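# Structural overview for review
Now for the letters of each chain:
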Amino acid sequence: MKNLLLLVTLVFAASEASAAATVALKVGVVNMQQALQAVKRGKLAKSRLEKELTKRKKKLDAEQVAIQKKMTSFQQRAGVMDEKKRATEGMALGKQLDDWKKRAQAFSIEAQQKEAKAVEPILNGLKELIPRLSSKNKLSLVLESNSNALLFAEDKTDLTESLIKLYDKRNP
């Protein structure tokens, strides 16, 4: 009986402590992708990157169209070609397509690397401001709103707009 009473008392005390801890927890969220795209330096970085990559992208797109036209023409003529010529032309077109795919993939990787390099200092600057905003809003925890970690938060404070304004103020 004494053990049961002790167990009930411990469970009650633990639930009271848990309830008190839950009440004290105040959650904030930030949409870092939105903040990155909205701050002035983020917009500038995106614009510069697009300008830099547009010329090569257009060239790759034109090459793709040319290869597709050659493929269509080849397919239309393949029925009347002798086997040797069909094989030779088919292999040449296949090689052109493979070469184009390699260049397109290399371009894509390069574009991703350049984007990561361009946004890294901006993201770091945004992250440095989060503790200040958290303290100002008396938040216990701040999560990325786009991450899978945040499934539900009943009482949350969205810091995204405040973060954008503060970053732009500090980084004109």
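Above this text sits the structure in question.
Overview of the structure.

## Focus: the overall build of the protein chain
- The number of helices and strands found in the protein chain is five helices and three strands.
- The secondary structure elements of the protein chain, listed N-terminal to C-terminal, are α-β-α-α-α-β-β-α.
- For the protein chain, the exposed area adds up to about 12,900 Å²; of that, 58% sits on carbon and sulfur atoms.

## Describing the environment of Gly28
- By the element assignment, Gly28 lies in strand β1 (residues 27–30).
- Residue class for Gly28 comes out buried when judged on its relative accessible area of 0%.
- The sequence separation of Gly28 and Ser140 amounts to 112 residues, and the corresponding C-alpha distance is 7.8 Å.
- Beyond its immediate chain neighbours, meaning those up to four positions away, Gly28 contacts Leu139, Leu141, Val142, Leu143 and Thr157.

## Topic: helix α3 (residues 40–77)
- Look at α3: 54 Å from first C-alpha to last across 38 residues, which is about the 56 Å you get at 1.5 Å a residue.
- At Thr54, α3 shows its largest bend, some 40°.
- Every buried residue of α3 is accounted for by Gly42, Ala45, Leu49, Leu53, Leu60, Ile67 and Phe74.
- Where α3 is buried, its residues contact α2 (32–38) and α4 (83–136).

## Section: the packing of α4 against helix α5 (residues 160–170)
- Remark: α4 packs on α5, axes separated minimally by 10 Å, with the N-to-C direction vectors making an angle of 115°. Between α4 and α5, the interaxial angle falls into the category roughly perpendicular. Helix-helix and strand crossings are classified by hand; for α4 and α5 the assignment is right-handed. Within the contact between the two elements, α4 uses Pro121, Ile122, Gly125, Leu126, Leu129, Ile130, Arg132 and Leu133 and α5 uses Ser162, Leu163, Leu166, Tyr167 and Arg170.
- Classifying every residue of the contact of α4 with α5 gives nine nonpolar, two polar and two charged.

## Considering the sheet that holds β1
- Taken in spatial order, the three strands of this open sheet run β2-β1-β3, and their pairing is parallel. The sheet is open, and its two edges are formed by β2 (141–144) and β3 (156–158), each paired on a single side. Each strand of the sheet is rotated relative to its neighbour by a mean of 30°, with strand direction disregarded.
- Of the strand pairs in this sheet, β1 and β3 are connected by three bridges, and their pairing is parallel.

Cut-offs applied
- Residues numbered from 1 in each chain as written.
- Predicted model: local features only at pLDDT ≥ 70, side-chain atom pairs only at ≥ 80, totals over all residues.
- Heavy atoms only, no water.
- Helix = DSSP H or I, 4+ residues; strand = E, 2+ residues; numbered from the N terminus.
- Areas by Shrake-Rupley, 256 points an atom, 1.4 Å probe, with all protein chains shown as cover.
- Buried < 20%, exposed > 50% of the residue type's maximum accessible area, 1.4 Å probe, protein only.
- Contact = heavy atoms within 4.5 Å.
- Expected span 1.5 Å × (residues − 1).
- Bend = angle between axes of the 7 residues up to and from the residue.
- Axes fitted to C-alpha atoms, helices over the stretch in contact; angles between N-to-C directions.
- Parallel < 35°, antiparallel > 145°, perpendicular 65-115°, else oblique.
- Left-handed = near helix turned anticlockwise from the far one by under 90°.
- Nonpolar A, V, L, I, M, F, W, Y, C, P; charged D, E, K, R; others polar.
- Pairing = 2+ DSSP bridges.

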